[in-house]
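Letter by letter, the chains look like this.
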Amino acid sequence: MRKQKLLTKALAASMAVFMSVSQLSVPAFAAEGTKSVSIAGSTYTYSAEALEGYTQIGNSGLYYKLTNGTGFSGTIYGTSNLTYKEFYSGDVSSTDSFDVVTTASTSKYSVLSNAWTDYKKESAEAAGGYHVKGVANVNIAVDSDLYVESIILKDANKELSKAYEEASDITLNENPTQVPSQYKTLQNNGSYVSNNKTVTTVTDAVPTLTTGSTWGEYEIDVVETSTKYLRNSRQDEGFPVNSTIQGIILETTEGYKVGLEHLSNIWVQPYKLSFNVTNEAATMGIAKSDNTAEFAKLVNKTINKITYVTPEGNYVYTFADGIFIKPAYSEEISGTFSDDMKSFTLNQLPTVKNGTLTVTYTVGSGHMKTPYTLYSGAIAKSVSLDLNAIPSDAEGGTYSVTISCDDYADIYVAIPVTEAQKAQLQELIKQAETALKGAGADDSVLLAHKNEAAELLANESSTSADAADLVNELTELLKPYQSTEAPTPSIPDSTTASKPNTTTAAKPATKPATTAKKPNTTATKVKLAKQTTKVKANGKKKIKVSWKKDKKASGYEITYSTKKSFKGKKTIVVKSNKTTSKVVKKLTSKKKYFVKVRSYKQVGKTKTYGAYSKVKTVKVK
């Protein structure tokens, strides 16, 4: 019995020693497993063990403590990049139409400092552009604990919730406790609310609405009278609302608010803004807006307030009479010039109130455009043109015909490609082919535009406006080759290409060269059949396009537009000949669409096209 008691005591003593060693080893082990991060001069230590004085981060399994420095408490401030959905959240009526990457630019430079882009010179050159993702350098208010915990979780490679992910992207200001002029507050659920500050309200500026402008379907120019806040020159200096602008909000008399995007709606000179209400129109070919569904809600409404958002505060412009956003005319209007270009005839007359017909000859492009009015007056079936309005030394230009009225947005009359434009495009195609044969020339953008020009010449429904765009684009794309060994591009001079009062312009239409109309058919010697297609509505803002399988084809092209002439068309390339249907999304509700399909065969870099199917129409739900 005594022996058993002694054994029991010995065992108890051994267990006591073991327990003592175990208890001492816990903090020693934990100390070895700690890590530290430095945040604005303060050190925070974290561990996977619940050490004394440490605070747990939610249910992450991490514990942390301030181990050096003063740390933070309450709200701190920094900057971050936000998507348009995040930036306009709470400030506009809906952010549903904003995408993650909202616009794509073919420009080779970033001109707005607070446009959040993925611009890098090398990659932008290679890709033919870059993306505009949202708003950069936005002032953000964040709870200090949320920010510190987000940095620790990120350092530990833990999965982040929305709020922690947003907080970890914030760059703290040099003085994180100093309150900026205005800011967005990051909430614990990861969303943002605004603390907007109105710097000033302007009531005596004059807005002017232009429809169908170079910059978009609708353009608003705000001209100041007694104030000078909006940049309207080539320099930022002296204008508080300048190239650092972060956003613009349009507001109707009913209080509906819509936010604008950089490069598709907002420009370096922000007194001028623009927007499109359909998916068919791009703005200057520089950037495309994804917010057209919201802009469409402005039609038939009156905008009476425009808010310009800058990092320092908002400049709010109010208009007593407002800006009425006229609807688009539902039918397409077309017309033709006489052979001598001395008269213009409308194929049909629109039913409008107080209409004015204007025929213009325009030289140059972009900011360098110079228009010459050949006729402006009452709408008539046929009108005579004043060719003397064009200076004798004017360069080659393009024609446009518009109808303005009280009840509709300006109607742009569709006119056929002129003989002068055909000559220009044929010459530019030759120059592009020569440039692309040059040593080291690998210009996919130039190649695509060259092929598009050839297709335009082969398409009888092509319009003068389409041709004018291609002439300008090809001319710009060919400029870099002027300093290489490739021949210097030379647009046909005004006597043969563009001047309306020459014998060349007066000649009957001539058939374009076979190589321009059918550039690829002889290269591959493949005969593709004319396509057949079916189209039907397929849910809200979607249509389903079906076609016949072509065993000889490499794939198919679906072309669609809201215009019968296919002006502003979009094309979807299907790269498998086994695919015989496609759902086209993000269309405009209640709009009528024209659709056609063709097959193509690709051998190397050469494509051969079959004939388009008959044009099908469908109304989108």
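Everything numeric here is computed off the predicted structure, so don't read it as measured data.

Student: Sorry if this is basic, but what is going on with the sheet that holds strand β25 (residues 397-404) here?
Tutor: As a general point, the strands of a sheet are linked pairwise by backbone hydrogen bonds and lie either parallel or antiparallel. Judged by pairing direction, the sheet is antiparallel, and its 4 strands sit side by side in the order β23-β22-β25-β26 without closing on themselves. Looking along the sheet, the strands with just one partner apiece sit at the ends: β23 (370-378) and β26 (411-412). Direction of pairing for strand β22 (residues 356-363) relative to β23: antiparallel, over a ladder of 8 bridges. Looking across to β23, one finds that threonine 362 is bridged to proline 371.

Student: Would you explain the environment of leucine 230 in this entry?
Tutor: Looking at the secondary structure, you find leucine 230 in the loop between β14 (218-223) and β15 (247-252). When the C-alpha positions of leucine 230 and tyrosine 271 are compared, they lie 5.5 Å apart, and in sequence the two are 41 residues distant. Residue contacts for leucine 230: discarding those within four places in its chain leaves Val222, Glu224, Phe239, Val241, Tyr271, Tyr308 and Tyr317.

Student: Can you walk me through helix α7 (residues 419-436) in this structure?
Tutor: An α-helical segment advances 3.6 residues per turn. Residues three or four places apart therefore align on the same side. For α7, which comprises 18 residues, the first-to-last C-alpha distance of 26 Å matches the rise-based estimate of 26 Å (1.5 Å per residue) to within 8%. Every buried residue of α7 is listed here: Ala420, Gln421, Lys422, Gln424, Leu425, Leu428, Ile429, Gln431, Ala432, Ala435 and Leu436. Tucked inside the fold, the buried residues of α7 contact β25, α8 (444-458) and α9 (464-478).

Student: What should I look at first to understand the sheet that holds strand β20 (residues 335-337) in this one?
Tutor: An order of β20-β21-β24 is seen for the 3 strands of this open sheet, with the pairing classed as antiparallel. Edge positions in the sheet fall to β20 and β24 (382-384), since each has one partner strand and no second. Between one strand and the next, the sheet's axes are offset by a mean angle of 15 degrees, whatever the strand orientation. Pairing between strand β21 (residues 343-346) and β24: 3 bridges, direction antiparallel. The residue of β24 that forms the bridge with phenylalanine 344 is valine 383.

What counts, and where the lines are drawn
Residues numbered from 1 in each chain as written. Predicted model: local features only at pLDDT ≥ 70, side-chain atom pairs only at ≥ 80, totals over all residues. Heavy atoms only, no water. Pairing = 2+ DSSP bridges. Helix = DSSP H or I, 4+ residues; strand = E, 2+ residues; numbered from the N terminus. Contact = heavy atoms within 4.5 Å. Expected span 1.5 Å × (residues − 1). Buried < 20%, exposed > 50% of the residue type's maximum accessible area, 1.4 Å probe, protein only. Axes fitted to C-alpha atoms, helices over the stretch in contact; angles between N-to-C directions.

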